[in-house]
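Below, each chain spelled out in residue letters.
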Amino acid sequence: MRIRAYSDKDLAAVAQLFTDAIHGLAVTHYDEAQRKAWAPQPPDLGIWERRLKPLKVLLAQDAQNSEALLGFVGYEEDGHIDLMFTSPLAARRGVASQLLGRAEAALRELGVARLYTEASLLGRPFFARQGFTVKEEQHIELRGAQFRRFAMVKALEKT
């Protein structure tokens, strides 16, 4: 696996990976109406372009096939982990752990003392394994669908 920075040419692949992850991996946690609200098909690339623009985004690619996107993380320089998604074809292969580790290292270098995220039902166990703790449960509405998510934090020790 190779991790690299996002570029504008990756827009469609990132949006599709997100959509595939929601409609593939989240089936056990979210009903069809929620999945359609969270990840409309086809993805709106204009929305995705605006969503990714303020973020630092790292991509994981297959080492043998540079066209195959395995996952991505999008974060802000204040420690906010905004997006963390893995392709259904690469789930449970360490992709998200490596991406989060790379983002965490970059944020440590910037002097960030705390990471925070809003984790989905599916993402909560992953973030817990990475040392995040739940600060509060949240209930939000997106495109008419109701969702539970978890505000989670992780203190970064100084190295």
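Residues numbered from 1 in each chain as written. Predicted model: local features only at pLDDT ≥ 70, side-chain atom pairs only at ≥ 80, totals over all residues. Heavy atoms only, no water.

1. Notes on the overall build of the chain
Consideration 1: Looking only at helices and strands, the chain features five helices and seven strands.
Consideration 2: Taken from the N to the C terminus, the helices and strands of the chain come in the order β-α-α-α-β-β-β-α-β-α-β-β.
Consideration 3: Taken over the C-alpha trace, the chain has a radius of gyration of 15 Å; the compact-globule value for 159 residues is 15 Å, and the two agree within 12%.
Consideration 4: Taking the principal axes of its C-alpha atoms as reference, the chain extends roughly 45 × 40 × 30 Å.
Consideration 5: Looking at the 159 residues of the chain, the share that counts as buried comes to 43%.
Consideration 6: Looking at the chain as shown, the accessible area adds up to about 8900 Å², and 49% of this sits on carbon and sulfur atoms.
Consideration 7: For the chain, the distance from the average site of its 22 positive side-chain charges to the average site of its 20 negative ones is 4 Å. (Helix = DSSP H or I, 4+ residues; strand = E, 2+ residues; numbered from the N terminus. Rg over C-alpha atoms; globule rule 2.2 N^0.38 Å. Buried < 20%, exposed > 50% of the residue type's maximum accessible area, 1.4 Å probe, protein only. Areas by Shrake-Rupley, 256 points an atom, 1.4 Å probe, with all protein chains shown as cover. Lys, Arg positive; Asp, Glu negative; His and termini not counted. Charge placed at Lys NZ, Arg CZ, Asp CG, Glu CD.)

2. Observations concerning the layout of surface pockets
Consideration 1: Taken as a whole, the largest pocket holds about 1200 Å³ of empty space.
Consideration 2: The leading source of residues in the lining of the largest pocket is strand 4 (residues 80-86), at six residues.
Consideration 3: Grouping the amino acids of the lining of the largest pocket by side-chain chemistry returns 29 nonpolar, nine polar and 10 charged.
Consideration 4: Its volume calculated, the second largest pocket comes out at about 150 Å³.
Consideration 5: Along the walls of the second largest pocket sit Tyr6, Asp8, Leu11, Trp48, Glu49, Leu52, Lys53 and Leu55, which together make up its complete lining.
Consideration 6: Ranked by the residues each element gives to the lining of the second largest pocket, the list is headed by helix 3 (residues 45-52), at three residues.
Consideration 7: A class-by-class count of the residues in the lining of the second largest pocket yields five nonpolar, no polar and three charged. (1 Å grid on protein atoms, 1.4 Å probe; cavity = no way out; pocket = protein on both sides within 12 Å on 5 of 7 lines; lining within 4 Å. Points joined across faces, edges and corners; volume = space filled by probe spheres on them. Nonpolar A, V, L, I, M, F, W, Y, C, P; charged D, E, K, R; others polar.)

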